[in-house]
Each structure stands twice: as C-alpha cells, then as structure tokens.
Amino acid sequence: MTVAAILSGKGHDTITARSEALLSEICETLAKYKIGAVVVCNGDKEIEGIISERDIVRTIGTKGPSSLNVPVTAVMTKEVVTCTEDNSVNEVMARMTQGRFRHMPVVKDGKLTGVISIGDVVKYKIAQVELEAEQMRSYITMA
C-alpha cells in the first residue's frame, strides 16, 4: 500500500507557515490545530523547512523562553525528508524510524501536497491488519 491510500482517507489539507513567522506564532498554530508539526513553505507551496513540537521544546530548553521571539527559520529543520504518494507505507515507516521524526511532508513536482504522521501510518496499518483478520474469519467460516 502507498502514501496515496493514507491521503485518500485523511485528505490533502495542510497547515503551513511562512518563514517570517515567530516561534510563538508556530506554537499558537500547533495548539489551535492540535498538530505536532508545521511545514514552512513559500507562497508557491515549495518546502523551506519543518518545525515540530520537539524542536520548540529543545530550543526553549537550551535557549530559554525568549527564543519564542525568534523567526522560525532559526530553529526549523531545513533539510526536510519528504515522500511522494507513490512511496509505500513500509518505506515511509522505515524512513521515519531511521530519521527519528514523526511527520513527513508529501510532495509532487516539488510542491507540498499533504503531510502524514506516524499516527496516520499506525492507524492505517491497524486497519489493514483488522481487514485481513476479518477476511480470514470469513474464509474459515465459509470453508
């Protein structure tokens, strides 16, 4: 199964921020939408970076609360690992595990088209296992 299957269920909506945003504004966005990361994009939906709750906590922990007044560009991850809708769910899980991150932007032609989280991947995998178990039960009862 592919990333496209996950996005077909959850949708392609994304919450993004501009590079001029302050870290405090990113915190407000994360809280408002109850999400764990925000992709930083330019006006053409080209990815410039990603900022997660972990990044913010690490920054405040090392530099103090005044770091909330710095632009997101000072803190965000600039080399963003992305995937396409054609990537398999297993490929994405492996890349997330290897890179120790929980959110992966989905791109097409260099532009953001969605974001999947490890929670989305796990939810999808559980649904897949439940479907297979139901199919096995049906097969057994029909045999």
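As shown above, the structure is provided for reference.
### Description of the overall build of the protein
Here is step 1 of the chain: What the protein contains, in helices and strands, is 5 helices and 5 strands.
Here is step 2 of the chain: Order of helices (α) and strands (β) in the protein, N terminus to C terminus: α-β-α-β-β-α-α-β-β-α.
Here is step 3 of the chain: Here the C-alpha coordinates of the protein stretch approximately 65 × 35 × 30 Å along the principal axes.
Here is step 4 of the chain: For the protein, the share of sequence-separated contacts (at least 6 apart) that also reach a separation of at least 24 residues comes to 58%.
Here is step 5 of the chain: Summed over all atoms, the accessible surface of the protein reaches about 8,800 Å², with 55% contributed by carbon and sulfur.
Here is step 6 of the chain: Across the protein, the centroid of the 17 positively charged side chains sits 5 Å from that of the 18 negatively charged ones.

### A closer look at the pattern of salt bridges
One side chain can pair with another of opposite charge once the charged atoms of both are near each other.
Here is step 1 of the chain: All told, the structure shown has 6 salt bridges when counted by the stated rule.
Here is step 2 of the chain: The shortest N-O distance in the salt bridge between arginine 18 and glutamate 20 comes to 3.9 Å.
Here is step 3 of the chain: Aspartate 55 is paired through a salt bridge with arginine 58; the nearest N and O atoms lie 3.4 Å apart. You can see aspartate 55 and its partner arginine 58 sitting in helix H3 (residues 53-63), 3 residues apart, about one turn around the helix.

### Concerning the pairing of strand S5 (residues 111-117)
Here is step 1 of the chain: Of all 7 residues making up S5, 5 are buried, and the element is well covered by its neighbours.
Here is step 2 of the chain: Of the pairings in the sheet, the one linking strand S4 (residues 103-108) to S5 comprises 6 bridges and is antiparallel in character. Bridged to lysine 108 within S5 is lysine 111.
Here is step 3 of the chain: Between S4 and S5, which pair antiparallel one after the other, the connecting turn spans 2 residues, and aspartate 109 there sits at a positive phi close to 55 degrees.

Cut-offs applied
Residues numbered from 1 in each chain as written. Predicted model: local features only at pLDDT ≥ 70, side-chain atom pairs only at ≥ 80, totals over all residues. Heavy atoms only, no water. Helix = DSSP H or I, 4+ residues; strand = E, 2+ residues; numbered from the N terminus. Contact = heavy atoms within 4.5 Å. Areas by Shrake-Rupley, 256 points an atom, 1.4 Å probe, with all protein chains shown as cover. Lys, Arg positive; Asp, Glu negative; His and termini not counted. Charge placed at Lys NZ, Arg CZ, Asp CG, Glu CD. Salt bridge = Lys/Arg side-chain N within 4 Å of Asp/Glu carboxyl O. Buried < 20%, exposed > 50% of the residue type's maximum accessible area, 1.4 Å probe, protein only. Pairing = 2+ DSSP bridges.

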